[in-house]
Amino acid sequence: MLKDITIGQHFPGDSIVHRTDPRLKILLVIAYIVLLFTVTNFLGLALSVVLLAWLYLLAKIPLKMIGKSLKPILPIILFTAVLNVFFMGGSGEPLFQLGFLEVYPEGISYAIFMSVRIVALIAGTSLLTYTTSPIVLTDAIERLLKPFAKLHLPVHELAMMMTIALRFIPTLIEETDKIMNAQKARGAMLDTGSVKDRVKAMVPILIPLFISAFRRADELAMAMECRCYRGGDGRTRLKVLKFQRHDWGVLAFCIVTFGVVWATRFVMPGVL
């Protein structure tokens, strides 16, 4: 399960998705999330999913990566779907009844709709980290938050902390997997027993994991200090972020596409 978590991973490439300005990609991801929550029917949701699948193919990222990123949250998706199926009422007769629980066609439709929406939400946000390196992502976040520097907020430090946290997620996952394998080799029963026993078995994993995380943080701080890192004041960049011609083309394409998806609200009735 731990090896299936792909948050924070970056897949280098030379597609137009990779070359798009990271600031624009962050804004488009936010707009895509808002769009998913404004879509009210299956037509708009289907167009959103098709657009996302096309971007994955354009970036040459295997679609199986979506399955890996969804595996850890699959229980949440199933739990949400079950709640909508059994607790969403309808106007007509129920399809069937289980005790005091009644299942209506509207409940099944809304459960499918919500599940697909969550899948598109996770896959859309994952595409940002798949196609953007942590260093470039830091610069983009810092540039977007630059207006808040007038309010004396440590913009550079905030962007750096966010990116470091994102960067070390795969490292900590790998470290956790090594610790679990070491504990299993010593006879620890991590996958069997009651829930209480499994929680107790996690203690020998969490303690060395926290120690490893603090040690890595101390090593990173020492390495940054040895390189004379002093924050964002007077800092120069090897590559300055600038909007290129293809960025304007991507922006125009997304505005038109998002507008078409949003317009489906007036063409087809909503799920509810």
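Before any of the text, the structure's been laid out above.
Residues numbered from 1 in each chain as written. Predicted model: local features only at pLDDT ≥ 70, side-chain atom pairs only at ≥ 80, totals over all residues. Heavy atoms only, no water.

1. Section: the overall build of the protein
On a plain count of helices and strands, the protein comes out with 11 helices and two strands. Summarising the internal contacts of the protein: among those between residues at least 6 apart in sequence, 75% fall at separations of at least 24. Summed over its atoms, the accessible surface of the protein is roughly 16,900 Å², and 70% of this surface lies on carbon and sulfur atoms. (Helix = DSSP H or I, 4+ residues; strand = E, 2+ residues; numbered from the N terminus. Contact = heavy atoms within 4.5 Å. Areas by Shrake-Rupley, 256 points an atom, 1.4 Å probe, with all protein chains shown as cover.)

2. Re the packing of aromatic side chains
Applying the stated rule across the entire model yields seven aromatic pairs. With a centroid separation of 6.3 Å and 80 degrees between ring planes, the pair formed by tyrosine 56 and tyrosine 130 is classed as edge-to-face. Of this pair, tyrosine 56 sits in helix 3 (residues 42-58) while tyrosine 130 is found in helix 6 (residues 105-130), placing the two residues 74 residues apart along the sequence. Both residues of the pair, tyrosine 56 and tyrosine 130, count as buried. The interplanar angle of 75 degrees and the centroid separation of 5.2 Å between the aromatic rings of tryptophan 262 and phenylalanine 266 together place this pair among those described as edge-to-face. (Phe/Tyr/Trp six-rings, centres within 6.5 Å; stacked < 30°, edge-to-face > 60°. Buried < 20%, exposed > 50% of the residue type's maximum accessible area, 1.4 Å probe, protein only.)

3. Here we look at helix 7 (residues 134-144)
Restricting attention to buried positions, one finds in helix 7 the residues Leu137, Thr138, Asp139, Ala140, Ile141 and Glu142. Considering only its buried residues, helix 7 is in contact with helix 2 (22-38), helix 6 and helix 8 (155-185).

4. So, the environment of valine 119
Positionally, valine 119 belongs in helix 6. In this structure valine 119 comes out as partly exposed when scored by relative accessible area, which is 27%. A C-alpha to C-alpha distance of 9.5 Å links valine 119 and isoleucine 73, two positions 46 residues apart in sequence. Non-local contacts of valine 119, meaning those with residues more than four positions away in its chain, are made with Leu70 and Ile77.

5. Concerning the nonpolar core
In this structure, Leu28, Tyr32, Val39, Leu52, Tyr56, Ile61 and Phe258 are the most contacted members of the largest nonpolar core, which totals 27 residues. Only helix 2, helix 3, helix 4 (64-70), helix 6 and helix 11 (245-263) provide two or more residues apiece to this core. The leading source of residues in this core is helix 6, at six residues. By size, the runner-up hydrophobic cluster in this structure holds eight residues, among which are Ile26, Val29, Ala159 and Leu241. (Core = buried A, V, L, I, M, F, W, Y, C linked by side-chain atoms within 4.5 Å.)

6. Things to note about unusual backbone geometry
Positive phi, close to 60 degrees, is recorded for lysine 60, a residue that is not glycine. In this fold, lysine 60 is placed in the loop between helix 3 and helix 4.

7. Some remarks on a nonpolar patch on the surface
Residues Phe42, Leu43, Leu47, Leu95, Ile108, Ile112, Val256, Val260, Val267 and Met268 make up a contiguous nonpolar surface patch of about 830 Å² in total accessible area. Those elements giving two or more residues to the nonpolar patch turn out to be helix 3, helix 6 and helix 11. Residue contributions to the nonpolar patch peak at three residues, all from helix 3. The residue isoleucine 112 is located in helix 6 in this model. (Patch = residues over 30% accessible without salt bridge, like charges linked within 9 Å, V, L, I, M, F, W, Y side chains within 5 Å. Salt bridge = Lys/Arg side-chain N within 4 Å of Asp/Glu carboxyl O.)

8. Overview of the packing of helix 2 against helix 3
One can describe the packing of helix 2 onto helix 3 by two numbers: an axis separation of 10 Å at closest approach and a directional angle of 155 degrees. Judged by the angle between their axes, helix 2 and helix 3 are roughly antiparallel. Here the hand of the crossing between helix 2 and helix 3 comes out left-handed. Every residue of helix 3 that contacts helix 2 at Tyr32, Leu35 and Leu36 is listed here: Leu45, Ser48, Val49 and Leu52. Residue classes in the contact of helix 2 with helix 3 are distributed as six nonpolar, one polar and no charged. (Axes fitted to C-alpha atoms, helices over the stretch in contact; angles between N-to-C directions. Parallel < 35°, antiparallel > 145°, perpendicular 65-115°, else oblique. Left-handed = near helix turned anticlockwise from the far one by under 90°. Nonpolar A, V, L, I, M, F, W, Y, C, P; charged D, E, K, R; others polar.)

9. Quick look at the packing of helix 7 against helix 8
Here helix 7 crosses helix 8 at 150 degrees, and the two axes come no closer than 9 Å. With respect to helix 8, the element helix 7 is oriented roughly antiparallel. Of the two possible hands of crossing, helix 7 and helix 8 adopt the one that is right-handed. Contact with helix 7, carried on its side by Pro134, Leu137, Thr138, Ile141 and Glu142, involves Val155, His156, Ala159, Met160, Met162, Thr163, Leu166 and Arg167 of helix 8 and no other residues of that element.

10. Regarding the environment of alanine 123
Relative to the elements of secondary structure, alanine 123 occurs in helix 6. For alanine 123, a relative accessible area of 2% translates into the label buried. Sequence separation between alanine 123 and serine 69 is 54 residues, and the spatial gap between their C-alpha atoms is 7.4 Å. Once residues lying within four places of it in the same chain are set aside, the contact partners of alanine 123 are Leu52, Tyr56 and Ile66.

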